[in-house]
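# Analysis of the macromolecular model
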Amino acid sequence: MKSCSFHCVQLSQHLSHAFRVETDPFLDLRTTEDGLRTEKCGSHRKRSIAGKLQGQEEAGPAAKTPNPSREEPEPERLGRARGAGQAAAAAAINEEAQPGRNSSPGHGAGPAEGAASPGGHRCSEERGEPGGSGPAAALILGTAAAPAPLLLLLLLLLAAPAAAMASNGTFLACNSLKDDKDLKFLLKGSQLLKVKSSSWRKERFYKLQEDCKTIWQESKKVLRSPESQIFSIEDIRDVRSGHKTEGMEKYAKDVPEYRCFSIIFKDQRKNLDLIASSEDDANHWIAGLGKIIAHSNSMNQKQKLQHWIHTCLRKADKNKDNKMSLKELKDFLKEVNIEVDDYHAKKIFQHCDKSKTEALEDDEIEEFYKILTERKEIDSIFQMYSDPEGFMSCQNLVRFLYEVQQEEDAVVAAPALIQRYEPNERAKRGNAMTKDGFLMYLLSDEGNIFNPSHRKVYQDMTQPLSHYLVSSSHNTYLMEDQITGPSSTEAYIRALTKGCRCVELDCWDGPNSEPVIYHGYTLTSKILFSDVIKAIKNYAFQTSPYPVIISLENHCSVEQQKVMAQHMTTILQDMLLVAPVDGNKSQFPSPEQLKGKILVKGKKLSRQEDPINGNNNLEAEDVSDEDEAAEIEDESVKTKVEQKGKSDTLKLAKELSDTVVYCKSVHFEGFDDPSHPRAFYEMSSFSESKALKLAQESGTSFIHHNIRHLSRIYPAGWRTDSSNYSPVDLWNVGCQIVALNFQTAGTEMDVYQGRFQDNGFSGYVLKPEFLRDEQTKFNPKSITEGTWGTKKKLLLKIISGQQLPKVNKSKNSIVDPKVTIEIYGVQQDSNKKQTKVIENNGFNPNWNEEFTFDIEIPALALVRFVVEDFDMSTKNDFIGQYTLPFTSLKQGYRHIHLLTKNGDPYSSSTLFVFVNIQDCE
């Protein structure tokens, strides 16, 4: 085995003397970005440190970096080198695994000449010291290179020695907030009233813990575990003041709004509604939590890793003596998802225990941290483009960006990346990058597999509305299943904040002449129509400025329909679209023209009536009824439908009819007769089975229909569990409003959110040209030659994983991860391939496996990366996933930031991959 070489990244790279901080009493760790490498040894995983202890040497990559010119490389010259650059860089990962090579890290891999280190300085330990006198005690806060999160835990551990610890052991993660009155109040804690119902209000004590990342809540439940009394700041999606949740609206209206606030969680957990004893207390909690969340969200990936490891170390220190015994070290390794046998755990421990005290502390824990976080796969890439002293010149960074990362603007991007991510001030002044800065870049948004330019709206938003896919929700009011689950305004808020642009309201007569929303004929709970409209008004445009469509399924009496119209008019006011835009009477206006507007989809009074050119004078009239709830395949529902004696018509109030302008609901009676085309504003809803049948049998006709008309698709009646169907085949024929159950996590929702993270998460994605061209002959079920785009060959190399979460919280449970790559698109492109299983290592599994895929229609393809915990006897457990459009893939070495099953990002779980895309001949 090769020997390990560790370079202590000096904290002066991150520090200035701007602030002195108090540190955690546990650790004094210097930061490094290396990762622990594992190799198979019989049935166990042994650590590279064991090889080091046995005196075996470890070689760096043998690949030599060509001698660069001193001049800035020209794009023409770079273009000739690009293909070779990608191949050579990719080869470095394979070479890293080959034993028996004898070059020391940093040598034989850098340029032979012409690339002096910045300022001519040697790359030695003294280079990073701010004044040359021990560890620095200050941190640069709020800079682009090192953002200032409240909890930059591990950086701070080195920033201040033990002498700087607070005498009482309280950890204040950021000196800039140590005197903050809100933070001090939260650390002290206070009594709050927890509200669950009109009859359940109980006083509980809440307190921010000393790690500044978790909240402890008092519980009166018997046998409640300590872990269940704690929730993490990272689990909080939002903190709302006043009566801004359904619970507060129902159960706390008697309490002044200024004393009320609610904590909204990211997952399906119920909101935490709280009442403070005074306005000041409520303000402390709202402002304090807001500051902590803002700082936590500003952490870069490196800082998140450091905090995560620190949290695990604190948990492993059972006796709180600020030291780590051999048993605690083994517990810690299990906590971070590594299985290690007693022999190798002892070897690691003995290597780090320089003091021979049978306990690790201070510098010894620092050494352990360096071993744990080594990233050899990135070291080997960096060495190819760095000089022997460990610097990558700006010139070589340009080469790497252009040749390997396929960045067209490499000459402009390289200096900016150095200034943004390089923590070493001397390297930055010399316009060069260290290994630490290189890793910071690869973990950043610029190093993400998703094209950062697609995080903003970049598509043409001036096309007719029917030319876009629209993020849409089915039965938006439901939180769970379709039969007995709760209805909630919170479901609308969650959907809208996830980018949904079309929400559904099933409206029925309610008591006191107030319409209600629920799933008709079922036991789902009911919510007021007016409350839903208020929620839509408040959250419609928080995530996206583009139009929201309210899809009405109306079962109300004429009187309550008038109430519905009045609520929409008075609550939404100018947001509600009630007249054509700019006199446009021949086609849909564009999303750009409809910014900030809410459209209503529903029935109009008469089939002959023209909503664009004016309304007739009818007060009410029978119109065809659309009752999706009656399609539910449930015996109790069928019985209720029969008892009701369902009619095929519904009397429609003029006031409600007048709210419908561009989205008039009509039954589908076949595709247009070219000699008698339907009005463009008429749209139909299809069950998934009917829509899939049309897509299969009449794909090209369906595409032509969807160029001019909107189509809405909804789940089949048998999906009473709120399961979802795949939206891909319906997108492939241009269906715009493909409605899914947003409350149900799974593959279908992953693919859905993957499609709509494109174009700035605006909820609108422009269809490819061949789905908008009125002369198109494209049929996704029968691909022929045409202008559908150049066929591509996708090469993916799954290199490694980092900090994969434990799916089984059992102390002794370690994941056995494998990665599956799935391609979604036209039938010819659908594919799935998977890596081998890495046993007992969720912390830094290493796969180094290559896969190739042929992509026939790139514009319709999506790529999904799924990580699972392999189980031979039962179904694999989901760990994380990430899905994105093929056209949003970035090439070269990229990190994939994994998402939870609910679509929220993990704090530090990533995959490291290599991507190459080539045109097929």
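Refer to the structure above for everything that follows.
For the structure given in this document, a descriptive report is provided here.

Rules and cut-offs
- Residues numbered from 1 in each chain as written.
- Predicted model: local features only at pLDDT ≥ 70, side-chain atom pairs only at ≥ 80, totals over all residues.
- Heavy atoms only, no water.
- Pairing = 2+ DSSP bridges.
- Helix = DSSP H or I, 4+ residues; strand = E, 2+ residues; numbered from the N terminus.
- Patch = residues over 30% accessible without salt bridge, like charges linked within 9 Å, V, L, I, M, F, W, Y side chains within 5 Å.
- Areas by Shrake-Rupley, 256 points an atom, 1.4 Å probe, with all protein chains shown as cover.
- Salt bridge = Lys/Arg side-chain N within 4 Å of Asp/Glu carboxyl O.
- Lys, Arg positive; Asp, Glu negative; His and termini not counted.
- Charge placed at Lys NZ, Arg CZ, Asp CG, Glu CD.
- Buried < 20%, exposed > 50% of the residue type's maximum accessible area, 1.4 Å probe, protein only.
- Phe/Tyr/Trp six-rings, centres within 6.5 Å; stacked < 30°, edge-to-face > 60°.
- Lys NZ or Arg CZ within 6 Å of the ring centre and 35° of its normal.
- Contact = heavy atoms within 4.5 Å.
- Core = buried A, V, L, I, M, F, W, Y, C linked by side-chain atoms within 4.5 Å.
- Disulfide = S-S within 2.5 Å.

### Remarks on the pairing of strand β5 (residues 214-217)
Regular strands show a simple pattern: their side chains alternate between the two faces of the sheet. Note: strand β4 (residues 201-208) against β5, three bridges, orientation antiparallel. Residue pairing for β5: Lys207 is matched across the bridge by Trp216. If you look at the hairpin formed by β4 and β5, you'll find five residues sitting between the two strands, and Cys212 has a positive phi there, around 60°. In this structure, β5 lies alongside strand β6 (residues 230-232), joined through three bridges in antiparallel fashion. By the bridge assignment, Ile215 is partnered in β6 with Phe231.

### Re a positive patch on the surface
A surface patch of positive charge is lined by Lys196, Lys202, Lys221 and Lys270. Residue Lys202 is classed as partly exposed on the basis of its relative accessible area, which comes to 37%.

### Some details on the packing of aromatic side chains
Overall, the coordinates contain 29 aromatic pairs when judged by the stated rule. Ring geometry for Trp731 and Phe756: centres 5.9 Å apart, planes at 80°, overall edge-to-face. With Trp731 in helix α23 (residues 728-731) and Phe756 in helix α24 (residues 747-756), this pair connects stretches of sequence that are 25 residues apart. Of the two residues examined, Trp731 and Phe756, each falls in the buried class. Through a chain of ring-to-ring contacts, the aromatic side chains of Phe382, Tyr385, Phe400, Phe438 and Tyr441 assemble into a single cluster. The side chain of Arg269 reaches across the aromatic face of Phe265, ending 4.0 Å from its centre. It is Lys526 that lies over the ring of Tyr518; its NZ or CZ is 4.7 Å from the centre.

### Points about the side chain of Ser590
In this fold, Ser590 is placed in the loop between α18 (558-572) and β18 (598-602). Residue classification places Ser590 among the buried positions, given a relative accessible area of 3%. Not counting residues up to four positions away in its chain, the partners in contact with Ser590 are Met461, Thr462, Gln463 and Leu465.

### Observations concerning the nonpolar core
Of all hydrophobic cores here, the largest spans 68 residues; its most connected members are Leu505, Ile536, Leu552 and Phe778. For this core, the leading source of residues is helix α17 (residues 529-539), giving six residues.

### Concerning the state of the cysteines
Simply put, disulfide is the name for a covalent bond between the sulfur atoms of two cysteines. Summed over the entire model, instances satisfying the criterion amount to zero disulfides. Between Cys500, a free cysteine, and Cys502, which holds the nearest cysteine sulfur, the sulfur-to-sulfur gap is 6.6 Å. On the basis of relative accessibility, which here comes to 0%, the residue Cys500 falls in the buried class. The closest cysteine sulfur to the non-disulfide-bonded Cys663 is located on Cys502, 7.9 Å from its own sulfur.

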